[in-house]
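# Observations on the three-dimensional arrangement
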Amino acid sequence: TEPQVELQSYGTTDSGFPLHLAILSKDKDFSPASIRASNKRILFVNNAIHAGEPCGVDATMLLFRDWAKNKQLQSYLEHVVLVAIPFYNIGGGLNRGSHSRANQEGPHEHGFRGNAKNLDLNRDFIKCDSKNAQTFNQLYNYWQPDVFIDNHTSNGADYQYTITLIPTQHNKLDPNLAQYLNQEMLPRLFSDMKKNDWEMTPYVYARTTPDEGFAGFLDLPRYSSGYAALHNAISFMPETHMLKPFKGRVQSTYTFMDVMIKLMHDDFGKIKTARNKAIENTKTKKTFDLNWTLDFEKNDMVNFKGYTAKKKPSLISGEPRLYYDRNEPFEKEVTHYNYYKATASIEKPLAYIIPQGYSKIIERLKWNNVQVEKLEKNQTFEVEMYRIADYKTGENPY
């Protein structure tokens, strides 16, 4: 009912329903081309890619309501437009129950991780086996956002934080974006969240227990944030912790989006400059990295608030099992391995020639605004050719 908000629908998903997109625009301009021409930054939010992780769904609805009604908040929309998918994994959301995430603190019912085809949608952004991802690819490239957020709920180790954060791995980003992300954007996000009583820590990607150190997450392009990074967007996965109350998870997710909008308003010029430089570099650079490995020679130290890890007999097997004792909190410096180095790269060719029959590749390139031209007559070229000499599949289904 608010004139600054419009709800649109796009394409279809494996559930048979379209994807919806909510848009919050102070000027009531809901055209991405027009929005970009007016020098505004676009924040794109995705929710419930894993339908059992609904914090972002509720947080986004509350955010749209509050920002649409509050004229004071709308001053921060002078340079920012917010677009959000309210619920991405519709099929998983329709498959509701109380037991697929049995140790999660609410809500009472939640959706299932897989979609209507039992696919994990957050592994599908490049191959696009799902209709969800096929529609998303086209929708994302229609909007071409500057910043992308995919709201999640995490599990794993226990610690004192309600919310953790995965920024896209900076070594995969163009240096202009990486410098702005590391030196300006992330310090302000962590500071602003703490000022709003939702202190964050980097995502706890631990090999054993967090007090022994944890690593930055390598969000390859099959993940949503890695896909967004391919398009020179700065991307994030907030991960609220499943053992914390649902209300706090929603509130911390809300706050993260709130502080992000305000940051983008203040830094709209810096974000544009960094992205424009990155896009130009992408057009002109000759070598592209394709894969990375963790660099254990480099690390940072982060202040971490955790709980002491202990062992106790399992009630099921009687064998020792890991648990975290909330009666023994601690705060100390731990090692954060957050640097990756390239293990594979390629020299950019003049062009690729794709056989006509490879239609799945061709349509995915077109969805992502890659220029594709059809050879209209027989021609002879001297080319280098890829062949699959051998391959091995996994021994077990995954």
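Quick summary incoming for the structure in this document. (Residues numbered from 1 in each chain as written. Predicted model: local features only at pLDDT ≥ 70, side-chain atom pairs only at ≥ 80, totals over all residues. Heavy atoms only, no water.)

Taking 1.5 Å of rise per residue, 21 residues should cover 30 Å, and helix H5 (residues 175–195) covers 29 Å from first to last C-alpha, within 8% of that figure. Along its length, H5 reaches its greatest deviation from straightness, about 45 degrees, at Leu-181. For H5, the full list of buried residues reads Leu-177, Ala-178, Tyr-180, Leu-181, Met-185, Leu-186, Leu-189, Asp-192 and Met-193. The elements touched by buried residues of H5 are strand E5 (147–150), strand E7 (163–167), strand E8 (200–202), strand E11 (234–241), helix H7 (246–266) and helix H8 (268–284). Taking the backbone nitrogen of Asn-176 as reference, a side-chain oxygen 2.8 Å away marks Asp-174 as the first, capping residue of H5. Just downstream of H5 lies Asp-197, where phi reads positive at about 70 degrees. (Helix = DSSP H or I, 4+ residues; strand = E, 2+ residues; numbered from the N terminus. Expected span 1.5 Å × (residues − 1). Bend = angle between axes of the 7 residues up to and from the residue. Buried < 20%, exposed > 50% of the residue type's maximum accessible area, 1.4 Å probe, protein only. Contact = heavy atoms within 4.5 Å. Polar contact = N/O pair within 3.5 Å; in protein donor to acceptor, adjacent residues only side chain to side chain.)

Let us now look at the pattern of salt bridges. Inspection of every chain in the model, using the stated rule, returns 25 salt bridges. With a closest N to O distance of 3.5 Å, Glu-280 and Lys-283 form a salt bridge. One end of the pair, Glu-280, and the other, Lys-283, are both in helix H8, 3 residues apart, so they sit about a helical turn from each other. Given a relative accessible area of 42%, Glu-280 falls into the partly exposed group. Put simply, Glu-363 and Arg-364 hold a salt bridge, and the shortest N to O gap is 3.0 Å. The exposure class of Glu-363 is partly exposed, given its relative accessible area of 32%. With relative accessibility at 13%, the residue Arg-364 sits in the buried group. (Salt bridge = Lys/Arg side-chain N within 4 Å of Asp/Glu carboxyl O.)

Moving on, we get to H8. With 17 residues, H8 extends 25 Å from end C-alpha to end C-alpha; this agrees with the ideal 24 Å at 1.5 Å per step. Considered for burial, the residues of H8 that qualify are Ile-271, Ala-274, Arg-275 and Ala-278. Seen end-on, H8 carries its buried residues on one side only, within an arc spanning 95 degrees. Buried positions along H8 lie against strand E3 (41–46), H5 and H7. (Arc of directions from axis to C-beta.)

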